[in-house]
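# Architecture and fold: a report
Chain residues, written in single-letter form:
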Amino acid sequence: MTQTEQMTNTEVETHEQTASDTATNLIPIESMDEVIRLFGVFDENLRIIEAETGAHITSDSENIRITGTEEATGSAAGVIKNMLELIKRGEKIDRSRIRYAVDLAREGNAELILELADDVVAFTSRGKQIKCKTMGQKKYVKALKNNTVVFGVGPAGTGKTYLAVAMAVLAYKNKEVSRIILTRPAVEAGEKLGFLPGDLQNKVNPYLRPLYDALYDFLGSEGFKTLSERGVIEVAPLAYMRGRTLNDAYIILDEAQNCTIEQMKMFLTRFGEGSRVVVTGDITQIDLPQEKKSGLINALNVLKGVDDITTVYLTARDVVRHELVQRIVQAYETAAERTASRPSERKGE
């Protein structure tokens, strides 16, 4: 056999093998309007599914056709079917949700995206349903329901504080607690409090604004004002907690990575009978002076294994803000890992 004949036979075998490896999956179209919403503007959602799974997707008036490897078509088909089901339920489909659905499909848990859509945590003052958008958030909410003290640790945008406030308001409405207390350490992050205008309350209010915003969402401005005047809701700097015993309260400490060890111990010894405590923080964004150790990191080590205290770690996968925020968080995590592997690298590089 000549070299040319051998090459030709090899090419034929390769072509036959490639053809045999290619699978096709057809999904019947029930509603063209649903398909249009799934595909997105200029098919941007479709392009994401293709890029994330490696499948090729086309459609006609009757079917959505998915071609590629068996694994790729299986993942893409699962994602598309679940997205169409969510659209039928009136759910909003965006790029972040699609990417998360693909991640679940890769793990063999494609159906969990529908389970998340069924799980309503709370309602805002305008009747909007608040749902967990990731399995990490669902685990966090479950911990909030079942434990007296919960540490929620993770990067910005994972819903740590917002979900904690939602559960606090729900606990109050269900008469599980008689008041809600939200607090933050007023730590300067490159700015000086003394240069801000107004009295002490005016100076610390900017630090507490995210807590106010979350409460406004669930109670409305009038509801928040009424409950604040009655003393049911208190939003205050951490320093105001010293010397108090807080009974029958839902207490949230936000930005806990900026507590010192002494402040954290003080806070965790404030709550009394009938109280629930949530501590949230991001250990990658510590604004304390270098000589001060984070009370959150210390507490996570000291309290490990203590009964009725649980810690939920959220990751970049749980970021529910703009998808670019997720990629920013992942980039910083990767950079941190590289720095950790090179201890001699100069700080800040």
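Report follows, based on the coordinates. (Residues numbered from 1 in each chain as written. Predicted model: local features only at pLDDT ≥ 70, side-chain atom pairs only at ≥ 80, totals over all residues. Heavy atoms only, no water.)

### What about the overall build of the protein chain?
Using the following cut-off: Helix and strand assignments come from DSSP, with helices taken as H or I runs of at least 4 residues and strands as E runs of at least 2, each series counted from the N terminus. Three exposure classes are used, based on accessible area relative to the maximum for each residue type with a 1.4 Å probe and protein chains only: buried under 20%, partly exposed in between, and exposed over 50%. By the convention used here, residues are in contact when the closest approach between their heavy atoms is within 4.5 Å. To be clear on the numbers: accessible area is Shrake-Rupley with a 1.4 Å probe, and residue cover counts the displayed protein chains and nothing else.
The secondary structure content of the protein chain amounts to 12 helices and 11 strands. Of all 349 residues assigned to the protein chain, the portion counted as buried reaches 43%. In the protein chain, 68% of the contacts between residues at least 6 apart in sequence involve partners at least 24 apart. In the structure as shown, the protein chain presents an accessible area of about 19,300 Å², 50% of it carried by carbon and sulfur atoms.

### Notes on the side chain of Asn 45
Structurally, Asn 45 is set in helix α3 (residues 44-53). In contact with Asn 45, other than residues within four places in its own chain, are Arg 37, Leu 38, Phe 39, Gly 40, Ile 93, Arg 95 and Ile 98.

### Digging into the packing of α3 against helix α5 (residues 95-106)
Applied cut-off: Axis lines are fitted to C-alpha atoms, over the contacting stretch for helices. Their N-to-C directions set the angle, which ranges from 0 to 180 degrees. Should an angle fall under 35 degrees it is taken as roughly parallel, and over 145 as roughly antiparallel, whereas 65 to 115 is taken as roughly perpendicular and any remaining angle as oblique. Put simply, a crossing is left-handed when the front helix is turned counterclockwise from the back one by less than a right angle, and right-handed when it is turned clockwise. Following the grouping adopted for this structure description, the nonpolar residues are Ala, Val, Leu, Ile, Met, Phe, Trp, Tyr, Cys and Pro, the charged ones are Asp, Glu, Lys and Arg, and the polar ones are all others, Gly among them.
As a packed pair, α3 and α5 sit with axes 10 Å apart at the nearest point and diverge in direction by 30 degrees. By the angle class used here, α3 and α5 are roughly parallel. Both α3 and α5 take part in a crossing whose hand is right-handed. Contacts between α3 and α5 pair Glu 44, Asn 45, Ile 48, Ile 49, Glu 52 and Thr 53 from the former with Arg 95, Ile 98, Arg 99, Val 102 and Arg 106 from the latter. Among the residues forming the contact of α3 with α5, the class breakdown is 4 nonpolar, 2 polar and 5 charged.

### Section: unusual backbone geometry
Residues other than glycine seldom take positive phi values, yet Phe 42 does so here, at roughly 55 degrees. The backbone phi angle of Glu 255 is positive, close to 55 degrees, even though this residue is not glycine. Relative to the assigned elements, Glu 255 resides in the loop between β9 (249-253) and α10 (261-268). On the basis of relative accessibility, which here comes to 27%, the residue Glu 255 falls in the partly exposed class.

### Considerations on the pairing of strand β4 (residues 120-123)
Formally: Pairing between strands is defined by DSSP: at least two bridges between the two strands are required.
The sheet contact formed by β4 and strand β5 (residues 129-131) spans 3 bridges and is antiparallel. Bridge pairing in β5 places Ala 122 opposite Ile 130. Between β4 and β5, which follow one another and run antiparallel, lie 5 residues, and Gly 127 among them has a positive phi close to 90 degrees.

### Some details on the sheet that holds strand β2 (residues 56-59)
Spatially, the 3 strands line up as an open sheet ordered β1-β3-β2, and their pairing is antiparallel. Single-partner strands in this sheet number two, and they are β1 (22-28) and β2. Between one strand axis and the next, the sheet turns by 20 degrees as a mean value, whatever way the strands run. Strand direction decides the pairing type here: β1 and strand β3 (residues 63-69), joined by 7 bridges, are antiparallel. Within the sheet, the bridge partner assigned to Pro 28 lies in β3 and is Asn 63.

### Some thoughts on the pairing of strand β10 (residues 276-281)
For clarity, the threshold we go by: Handedness rule for crossovers: strands pointing away from the viewer, path from the first strand over the helix to the second running clockwise, crossover right-handed.
Among the 6 residues that make up β10, 6 are buried, leaving the element largely enclosed by the rest of the structure. In β10, alternate side chains face the same way, and those of Arg 276, Val 278 and Thr 280 on one face and Val 277, Val 279 and Gly 281 on the other are all buried. Relative to β10, strand β6 (residues 149-153) runs parallel, the two sharing 5 bridges. Following the sheet pairing, Phe 151 is matched in β10 by Val 279. Here β9 pairs with β10 via 4 bridges, running parallel. Considered in β10, the bridge of Tyr 250 is made with Arg 276. Each parallel crossover has a hand, and the one from β9 via α10 to β10 is right-handed.

Limitation: the analysis is restricted to geometry and does not speak to function.
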